[in-house]
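A structural walkthrough
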Amino acid sequence: MRKIKIGLAGLGTVGKGVYEILQKDAKLISQRTKHQLELVAVSSRSKKDFIDETKIKFYADAVDLARDPEIDVVIEVIGGNAVAKEIFETAIKNGKKIVTANKSLIAENGFELAELVEKYNSYIAFEAAVAAAIPIVKIFRESFSSSKIESFAAILNGSCNFILTKMQQENLTFDEAQKQAQDLGYLEADPSFDIKGIDTAHKLAILSAIACGSRPAFEQTHIEGIENISIEDINLAFELGYKIKLLAIYKNHGPSIEQAVYPALIKSSEKIAQVDDSFNAILTKASNADWNFICGRGAGSLETASAVVSDLIDIANDRHSFMFGVENKNLIDVKIENISQRFGQYFLKLIVNKSLAQKTDLSQKIFGEKIKIEKAIFFDANEEILCGFITQVLQESDLLEIMKNLDSNLVRSAKFLRVENSNPL
Ligand code: HSE
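Residues numbered from 1 in each chain as written. Predicted model: local features only at pLDDT ≥ 70, side-chain atom pairs only at ≥ 80, totals over all residues. Heavy atoms only, no water.

**Considerations on helix α5 (residues 103–120)**
Rules: Secondary structure elements are defined from DSSP: runs of H or I of at least 4 residues count as helices, runs of E of at least 2 residues count as strands, and each element is numbered from the N terminus. Given a helix with a known number of residues, its expected span is that number minus one, times 1.5 Å. The quantity called bend is, for any residue, the angle between two axes fitted respectively to the seven residues ending at it and the seven beginning at it. Each residue is assigned to one of three classes by its accessible area relative to the maximum for its type, calculated with a 1.4 Å probe on protein chains only: buried under 20%, partly exposed between the two thresholds, exposed over 50%. Contact definition: two residues touch when any of their heavy atoms are within 4.5 Å.
For α5, built from 18 residues, the straight-helix expectation of 26 Å at 1.5 Å per residue is missed by more than 12%, its first-to-last C-alpha distance being only 22 Å. The axis of α5 is deflected most strongly, by about 80°, at Asn-109. Buried within α5 we find Lys-103, Ser-104, Leu-105, Ile-106, Ala-107, Asn-109, Gly-110, Phe-111, Leu-113, Ala-114, Leu-116 and Val-117. Structurally, α5 contributes buried residues whose contacts are with α4 (82–93), β5 (97–100), β6 (124–125) and α10 (198–212). A positive phi of about 55° marks Asn-121, the residue just after α5.

Now the structure itself:
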């Protein structure tokens, strides 16, 4: 048995969780590792009271920690790209392995880093980067390695799920719900990454790469966030039998794939619609494994640190795979379809001039024969009628054309959201 010496870069929400697990679960961890783990250095913007500096070195600059010859494994939980990339490059070139929760760096620079890893015979473990406590990287990369992943639909951002849940269940405004998410430490340093769907898209790019054996293709992802979702949208969808969730969608259509993030309606009876609060979930269709559904905490201090420390134990036990499931030289460049090519159902929310319409023939009057409506609901509001429609399947480019040409005297405002009905569970 030898000692594996660890440097922990970052003592924020996740870093603190890592430190706590290494202390409180030291015995359990030592029973599960071939080699003894020892935290020898930390790095953070400011010194922290809970670190005993008589035993653990402190670095103000994490790049200096990454250079420390005593350290075998660097845990990077600072986040962001620029500094983190320098830490990674320094650590790898100095013969160290890395454990990270950094989704943006892996999604945006993952292939470049994988090549560096190969060159220096290093390793980057990143389970904590996607869906925190859910071991989905492992499931996709190792457990489903005998199947082709055909599609998945996932909730990958704990903050957005928390906000949408609070709006729906407690009638909180967006801002009130966001404040609660912030207080619980779920949001990114820049919350717009969560709200605008960027964080979900980073995680989606990582899972998509593993699912189809490609280089991560974050830049091509279609991204919409939850910033324009109102309580009225949520309530209208609910009356029609649906819940609104921010979804990451992957569908492999052969030469090209769908890879997109958007808020979507899902039937309230479906399992993934029932995933609330800060929970994440991934519903996967794999060629031989068929349907699989996994749900767990997608944000939080100990929850994310749980994945970080498990990765550390894997490194201590010499367990590792190709970063994206396939040898670097065999990773393909994937083609992502334009969202306008999407075939699916849509939810339409329209405000209609009451003096020009009767509720009885409203769908016909608005859409004629152009769109077939599967379900409709109407609410009177003074001079207007608030309408919610669920369409039958059509192509998004056709829907956009129809929406553009609606009678503006009759329809005062119109918006649409996508409907996903993905599974038999
Ligand atoms: N801000 C992220 C989320 C943290 O809310 O999901 C975990 O990646």
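**Describing the site of the ligand**
Going by this rule: Residues are labelled near a given molecule or strand when at least one of their non-hydrogen atoms is within 4 Å of it. Here a polar contact is recorded for every N or O atom pair within 3.5 Å, except that within protein the pair must consist of a potential hydrogen donor and a potential acceptor, and residues adjacent in sequence are included only if both atoms are side-chain atoms. Where accessible areas are quoted, they stem from the Shrake-Rupley method and a 1.4 Å probe; at the residue level, only the protein chains shown are allowed to cover. Using a grid of 1 Å spacing that covers the protein atoms alone, one calls a set of points a cavity when a 1.4 Å probe fits there but cannot get out, and a pocket when the set is open and has protein on both sides within 12 Å along at least five of seven lines; lining residues are those with an atom within 4 Å of a point. The way we define it, a molecule is inside a pocket or cavity when more than half of its atoms are within 2 Å of that pocket's grid points.
What surrounds the ligand is the set Lys-103, Asn-157, Gly-158, Ser-159, Tyr-186, Leu-187, Glu-188, Asp-194, Asp-199, Lys-203, Gly-298 and Ala-299. A distance of 2.6 Å separates a nitrogen atom of the ligand from a polar side-chain atom of Glu-188. One nitrogen or oxygen atom from the side chain of Lys-203 is found 2.8 Å from an oxygen atom belonging to the ligand. When isolated, the ligand has an accessible area of 260 Å², and the protein chains bury 93% of it. Its atoms largely coinciding with the cavity grid, the ligand occupies the largest pocket.

**Side note on the environment of Lys-3**
Residue position: Lys-3 is located in strand β1 (residues 3–9). Sequence-wise, Lys-3 and His-35 are 32 residues apart; in three dimensions their C-alpha atoms are separated by 5.9 Å. Not counting residues up to four positions away in its chain, the partners in contact with Lys-3 are Gln-36, Glu-38 and Asp-72. A distance of 3.5 Å separates a polar atom in the side chain of Lys-3 from a polar atom in the side chain of Glu-38.

**So, the packing of aromatic side chains**
Aromatic ring pairs are described here by two measures, namely the spacing of the ring centres and the angle between the planes. Counted only if it meets this: Note on ring pairs: Phe, Tyr and Trp rings are taken, using the six-membered ring of Trp, and paired if centres are within 6.5 Å. Classes follow the plane angle, with under 30 degrees stacked, over 60 edge-to-face and the rest tilted. When the NZ atom of lysine or the CZ atom of arginine is within 6 Å of a ring's centre and also within 35 degrees of its normal, the charge is said to sit over that ring.
Applying the stated criterion across every chain, the model contains nine aromatic pairs. Here Phe-140 and Phe-152 contribute two aromatic rings whose centre-to-centre distance is 5.2 Å and whose plane-to-plane angle is 70°, an arrangement assigned as edge-to-face. Taken together, the positions of Phe-140 in helix α6 (residues 136–143) and Phe-152 in strand β7 (residues 149–155) put the pair twelve residues apart, joining distant regions of the chain. Judged by relative accessible area, which is 3%, Phe-140 ranks as buried. Overall, the relative accessible area of 2% leaves Phe-152 in the buried class. Chaining the aromatic ring pairs together yields one cluster made of Phe-140, Phe-144, Phe-152 and Tyr-250. Here Arg-141 stacks its cationic end above the ring of Phe-126, 5.5 Å away from the centre of that ring. Just above the ring of Phe-111 sits the side chain of Arg-215; from NZ or CZ to the centre is 3.8 Å.

**A few points about the nonpolar core**
Rules: We call a set of buried Ala, Val, Leu, Ile, Met, Phe, Trp, Tyr and Cys residues a nonpolar core when their side-chain atoms join them within 4.5 Å.
Grouped together as the largest cluster of nonpolar side chains are 91 residues, with contacts concentrated most on Ile-124, Phe-126, Ile-136, Phe-140, Phe-152 and Ile-282. Discounting residues that sit within four places of it in the chain, Phe-152 has contacts with Phe-140, Leu-204, Leu-207, Ser-208, Ala-211, Ala-248, Ile-249, Tyr-250, Ile-282, Leu-283 and Thr-284.

**Side note on the layout of surface pockets**
Threshold: Grid points are joined across faces, edges and corners, and a volume is the space filled by probe spheres set on the points.
Of the volumes computed, that of the largest pocket is approximately 1200 Å³. Put simply, the parts of the chain that give the lining of the largest pocket at least two residues each are α1 (13–24), α5, α7 (158–170), α9 (192–195) and α10.

**Observations concerning the pattern of salt bridges**
Quick reminder of the rule: Salt bridges, as used here, are contacts in which a Lys or Arg side-chain nitrogen is within 4 Å of a carboxyl oxygen on Asp or Glu.
What the rule picks out here adds up to 36 salt bridges. Among the ionic pairs, Lys-57 bridges to Asp-68, the shortest N-O distance being 2.6 Å. Remark: Asp-68 occurs in the loop between α3 (62–67) and β4 (73–76) and Lys-57 occurs in strand β3 (residues 57–59); sequence separation between them is eleven residues. For Asp-68, a relative accessible area of 5% translates into the label buried.

**Description of the side chain of Thr-165**
Tracing the backbone through its elements, the reader meets Thr-165 in helix α7. Within polar-contact distance, the side chain of Thr-165 engages the backbone oxygen of Asn-161 at 2.6 Å. Contacts of Thr-165, omitting those with residues within four sequence positions, involve Glu-170, Lys-245, Asp-276 and Asp-277.

**Comments concerning the environment of Tyr-346**
Looking at the element boundaries, Tyr-346 is found in strand β14 (residues 343–353). Sequence-wise, Tyr-346 and Ala-248 are 98 residues apart; in three dimensions their C-alpha atoms are separated by 17 Å. With near-sequence residues (within four places) excluded, Tyr-346 lies in contact with Phe-389, Ile-390, Thr-391, Leu-394, Gln-395, Glu-396, Leu-399, Phe-416, Leu-417, Arg-418 and Val-419. A distance of 2.8 Å separates polar atoms of two side chains, one belonging to Tyr-346 and the other to Glu-396.

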